[in-house]
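Below, each chain spelled out in residue letters.
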Amino acid sequence: GPNIDISKTRSLAELFAKLSEAAAKAAPGSILVSNSGWHEAQLKEQRLPTAAELEAAAPGYATVLVRGGHSYFLSTTSLAKWNITPATAVPAGGAIPKDSAGRLTGELVDTARRLITLPATPAATIEDVAAEQKVLNSYGLVNVRVPGTSVAVYKQYQQLAADKRSSVRYSVLFRGTPQSLAEAGVKQNDGDEWARVWGIKLAVDGGFEGGLMTKPYAEPMGQNGTYYGLQTVTQTAFNEQVIALNRAGWRAATHAVGDAAVDQVLQGYQQANADKDIRQAGWTIEHAFITRSDQYPAMKALNLRMSLQDHLYLVAPVLKNYWGEERASQVSPAKTLLDQGLQVSGGTDASVIPLNPFWVMYHFITRDSITGGVVGVNQAVSRDTALRMLTINYAQLTDETAIKGSIEPNKLGDFVVLSGDFMAMPAAELEDLKAVATFVGGKKVYQDPVLTF
């Protein structure tokens, strides 16, 4: 499983040092695998390591850097181990990028990741889940929407709650089919306020370098105007998928990064709706980085919910390289979507990006980023709006406004005490807010070891 944490590295030298350190401790022949919550934009050099550089850091070891949910980066030994060469056929919905000289960069994107097999990660135990809850509580988080997991994990959430040990409430989306979920005895809306079944998670395009666009990527990523991103499922297959799950009583939340992917989702959702009304069910588009004004009427007509995150905060310089300054500046257009009267909620995309909710609000309020400056200030929202996006709008996304999202009589006593006055402090300081204490159902589940109130 992932044995190298590179999430805190801030330069290639630090990243290579982590790999060398892991190689020094590893048994000969082992595969070195990184965690996924990092991005090259966090590095001083703002670029990816090459296959040769990964090799130099851990010579003779099959090294695989996992980044987000869409890319692997392989060392020279890894490429040889799995017999990936410049002549390897590129699977549909994937990419095996080459540099200008025709050499492999070492990256495998989306479906091309299936060309290799990583060591199985041991399944998380119930104690692992309990430990993760404590980390979430330390950020003031008590309500989490899980965008795609297994029935086994859902049952762990239920077990922790049954044992009166849970300090996080979950709204769960599954990766699976209506048939597989029915066989596992799981139905739409099952559960209680500790763990509730929300729906099924789907995807139609890639991630940062695979978002499906109607206009080509910026050069050189655009490959002379021929590269538009990756379509990971055909329109026909997606239409059939959403019609079938809607008929089976499920609802969908679909990952779509580029505007062409959003078109694909809208067409599928329209067909599902024509077959059986989805407008009251709260179907969702995840991310919607790039949208166009002609798409908003369809989103409204279907009463869709928009689930936005703060990827741009982390990766702004890289998205400018992929898509050009203008397109990148309008990534996650919170203000425009809200002005259209759409229901918009904010969150992180942990574990793909860090789970700090204060970074999310800071980014949506200022549009500032870690290494790319302020990006698309026209999409900035007020503090009040940002707070709503992560509280009452979030509860609306999960259909729980009757019990969550605001401090009112007859709602759950879930709240956090912050290290500063969110509405009054200088905007620049919002980024450094901390949870002083976190309460779930009126019970304290976290207290900062230093800060008191």
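As a starting point, this report considers the structure included with it.

Details of the pairing of strand 8 (residues 195-203)
Along any regular strand the residues' side chains alternate between the sheet's two faces. The buried count for strand 8 comes to seven of nine residues, which makes it a mostly enclosed element. Inspection of the sheet shows strand 8 paired to strand 9 (residues 252-256) by four bridges, in the parallel sense. Its bridge partner being in strand 9, lysine 201 is matched across the sheet by alanine 253. In terms of handedness, the path from strand 8 via helix 7 (residues 235-247) over to strand 9 forms a crossover that is right-handed.

Quick word on the side chain of aspartate 259
Its location among the elements puts aspartate 259 in helix 8 (residues 259-275). Using a relative accessible area of 4% as the deciding quantity, one classes aspartate 259 as buried. Once residues lying within four places of it in the same chain are set aside, the contact partners of aspartate 259 are Leu212, Met213, Thr214, Ile290, Thr291, Arg292 and Gln295.

Points about the pattern of salt bridges
Taken as a whole and judged by the stated rule, the model has 20 salt bridges. Among the ionic pairs, arginine 145 bridges to glutamate 286, the shortest N-O distance being 2.5 Å. Here arginine 145, found in strand 6 (residues 143-149), pairs with glutamate 286, found in strand 10 (residues 284-287); they are 141 residues apart in sequence, far enough to count as distant. For the pair formed by arginine 145 and glutamate 286, the shared burial category is buried. In this structure, the salt-bridge partner of lysine 320 is glutamate 325, at a minimum N-O distance of 3.7 Å. Linked by salt bridges that have partners in common, Asp259, Asp263, Arg292 and Asp294 make up one network.

Observations concerning the sheet that holds strand 14 (residues 435-440)
Pairing in this open sheet of three strands is antiparallel, and the strands run 13-14-15 from one edge to the other. Unpaired on one side and paired on the other, strand 13 (415-418) and strand 15 (443-447) mark the two borders of the sheet. Averaged over all neighbouring strand pairs, the angle between strand axes comes to 20 degrees, with direction disregarded. Sheet topology places strand 13 next to strand 14; four bridges connect them, and they run antiparallel. Paired with valine 416 across the two strands is threonine 438, which belongs to strand 14.

Some thoughts on the sheet that holds strand 2 (residues 62-67)
A sheet is described by the order of its strands in space; here five strands give the open sequence 1-2-3-5-4, paired in mixed fashion. Strands with a single pairing partner mark the edges of an open sheet, and in this sheet they are strand 1 (31-33) and strand 4 (94-95). Pairing between strand 2 and strand 3 (residues 71-74): four bridges, direction antiparallel. Each bridged residue has a counterpart across the sheet, and for valine 64 the counterpart in strand 3 is leucine 74.

Calculation notes
Residues numbered from 1 in each chain as written. Predicted model: local features only at pLDDT ≥ 70, side-chain atom pairs only at ≥ 80, totals over all residues. Heavy atoms only, no water. Buried < 20%, exposed > 50% of the residue type's maximum accessible area, 1.4 Å probe, protein only. Helix = DSSP H or I, 4+ residues; strand = E, 2+ residues; numbered from the N terminus. Pairing = 2+ DSSP bridges. Right-handed = clockwise from strand over helix to strand, strands pointing away. Contact = heavy atoms within 4.5 Å. Salt bridge = Lys/Arg side-chain N within 4 Å of Asp/Glu carboxyl O. Axes fitted to C-alpha atoms, helices over the stretch in contact; angles between N-to-C directions.

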